[in-house]
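Coordinates in review
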Amino acid sequence: MVSMVLETKRERAHHHHHHRRSCIGNENFTDRDFRRLCSSSSSSSRRGGKGKGAEERRRRRFSSLTASSSSSPSSSSSQQKKYCVSTVDASAILVPHPDKSATGGEDSCFVLKRSNAFGVFDGVGGWSDEGVNPAEYSETFASEAAKAVTKEKMRNPVDIMVRAHKMTRVVGSSTACVCVVEEGEATFANVGDAGGIVARNGACVFKTEPMQHEFNMPFQLGWKEAYPETDDPRRADVKKVRLKRGDCVVLGSDGLWDNVPHEDVAILCDENEGDAVKCAEQIARLAFSRSTDEEYDSPFMIAARREGMELTWAEKLQGVKLTGGKMDDIAVVVAFVG
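Residues numbered from 1 in each chain as written. Predicted model: local features only at pLDDT ≥ 70, side-chain atom pairs only at ≥ 80, totals over all residues. Heavy atoms only, no water.

1. Description of the packing of helix H4 (residues 134-150) against helix H5 (residues 157-167)
Helix packing geometry: the angle between the two helix axes and the distance between the axes. Keep this limit in mind: Only C-alpha atoms enter the line fits that serve as axes; for helices the fit covers just the stretch in contact. Angles between N-to-C directions range over 0 to 180 degrees. Elements are defined by DSSP. Helices are runs of H or I of four residues or more, strands are runs of E of two residues or more, and each kind is numbered from the N terminus. Convention used here: angles under 35 degrees read as roughly parallel, angles over 145 as roughly antiparallel, angles from 65 to 115 as roughly perpendicular, and any remaining angle as oblique. If you view the pair so one helix is near and one far, a crossing is left-handed when the near helix is turned anticlockwise from the far one by less than a right angle, and right-handed when it is turned clockwise. Two residues qualify as a contact provided that any one of their heavy atoms is within 4.5 Å of a heavy atom in the partner residue.
The contact between H4 and H5 brings their axes to 8 Å, and the two run at 130 degrees. The orientation of H4 with respect to H5, classified from their angle, is oblique. Crossing hand, H4 versus H5: right-handed. Contacts between H4 and H5 involve Tyr137, Phe141, Glu144, Ala145, Ala148 and Val149 from the first element and Ile160, Met161, Arg163, Ala164, His165 and Met167 from the second.

2. Quick notes on the nonpolar core
Across soluble globular proteins, nonpolar side chains show a tendency to be buried alongside one another. We count it as follows: What makes a nonpolar core is a set of buried Ala, Val, Leu, Ile, Met, Phe, Trp, Tyr and Cys residues whose side-chain atoms join them at distances within 4.5 Å. Buried, partly exposed and exposed residues are distinguished by accessible area as a fraction of the type maximum, computed with a 1.4 Å probe on protein chains only: under 20%, between the cut-offs, and over 50%, respectively.
Core analysis: the largest hydrophobic core is formed by 25 residues, its most contacted members being Phe110, Phe121, Phe141, Ile160, Met161 and Leu221. For this core, the secondary structure elements donating two or more residues are strand S7 (107-112), strand S8 (117-123), H4, H5, strand S9 (173-182) and strand S10 (185-191). Not counting the four nearest positions on each side in its chain, Phe141 is found in contact with Phe121, Met161, Ala164, His165, Thr168, Ala176 and Leu221.

3. Focus: the pattern of salt bridges
Using the following cut-off: In the sections that follow, a salt bridge refers to a side-chain nitrogen of Lys or Arg positioned within 4 Å of a carboxyl oxygen of Asp or Glu.
This model, assessed by the stated rule, comprises 15 salt bridges. Across the pair Asp237 and Lys239 runs a salt bridge, and its minimum N-O distance is 2.7 Å.

4. Observations concerning the confidence of the model for the chain
As a reminder of what qualifies: Confidence of the predictor in every single residue is expressed as pLDDT, which spans 0 to 100.
Looking at the chain as a whole, its pLDDT mean stands at 83, while 76% of the residues score no less than 70. Taken as a whole, residues 1-28 scores under 50 in pLDDT and shows 118 contacts with residues more than four places along the chain or in a different chain. This stretch, residues 43-52, has a pLDDT under 50; its non-local contacts, to residues over four places away or in other chains, come to 24 contacts.

5. Here we look at the packing of aromatic side chains
As a reminder, the rule being used: Ring geometry is summarised as follows: Phe, Tyr and Trp rings, the Trp one being its six-membered ring, pair when their centres sit within 6.5 Å, and such pairs are stacked at plane angles under 30 degrees, edge-to-face over 60 and tilted between the two. Look at NZ for Lys and CZ for Arg. If either is within 6 Å of the ring centre and within 35 degrees of the ring normal, a charge sits over the ring.
For the structure shown, the criterion picks out six aromatic pairs. Taken together, a centroid distance of 6.0 Å and an interplanar angle of 25 degrees make the contact between Phe110 and Phe121 stacked. Highlighted residues: Phe110 in strand S7 and Phe121 in strand S8, separated in sequence by eleven residues. Side by side, Phe110 and Phe121 carry an identical accessibility label, which is buried. Counting every residue linked through ring pairs, the aromatic cluster contains Phe110, Phe121, Tyr137 and Phe141. Sitting over the face of the ring of Phe300, Lys326 holds its NZ or CZ atom 5.5 Å from the ring centroid.

6. Examining unusual backbone geometry
Residue Lys153 is not a glycine yet carries a positive backbone phi of 60 degrees. In this model, Asn216 sits at a positive phi of 70 degrees, which is unusual for a non-glycine residue. In this structure, Asn216 sits in the loop between strand S13 (212-214) and strand S14 (217-218).

What follows is the structure, encoded as structure tokens:
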């Protein structure tokens, strides 16, 4: 049996004017490829780029990550008294699609440990067909979302998303997932097919649900001047979950969730309890490995079969099997609370 490894490439779907993914085969990649590609909030050097241009782009993508140290000790102390549960360790890692290693991919994120706020944003790759850098929108959105927290003191994730959407005047679009931890609760706001979970003692006790116009066509946010079809951040799916000490909040782009079941992520959180850097890397490593596995029955392909995706007769005659991982950029944010 021949199986497929999927590669994400969102394209215009003319009847909805949103972006849809298409799939093609791909080759296998190794652990060395993973290490070459990945960049994390803890890295002193940003691997995966070629030349200073890629390094600068990667620094911009992580500019919001360093903002977690911008809170003054006094404000941090007052926050600790206010919150029943707060972040004790947090980290993030970005792994671009191997074909996008020169630019660092199109996912972005922010990690504000002292503010107990986090976000993941997946730039829509189909814009590259129109001469637009898809990463610019997600990078700008992540930066504006972080500013909404640190400068505007916003605590409602929908308000944060609305503010970032208003301030991101860049051609492109992105999915978005923002989480704020406050007074013992995690509040998630999700637009599109990024998402998050809460892991507790090796089990997934909460997960967000993707927002899609139809299968493989996620909700996405864009600058209305250039993208009138943008979805409205005020329609974000909002969920709250009560946290306990030792819980782990994980946010990820679809490059994570399309390749790794929520339960498997929860197990890795338990195995790396309290070490956000190691946990984020192991989650991303698993997602990358499975995305290149032609025999792996990924969550995306399971969903595709459930939604009625079919092979052509020619593919069936060739023995093609509707299984395999899905190659994509991978963003992972991990935050342990205590």
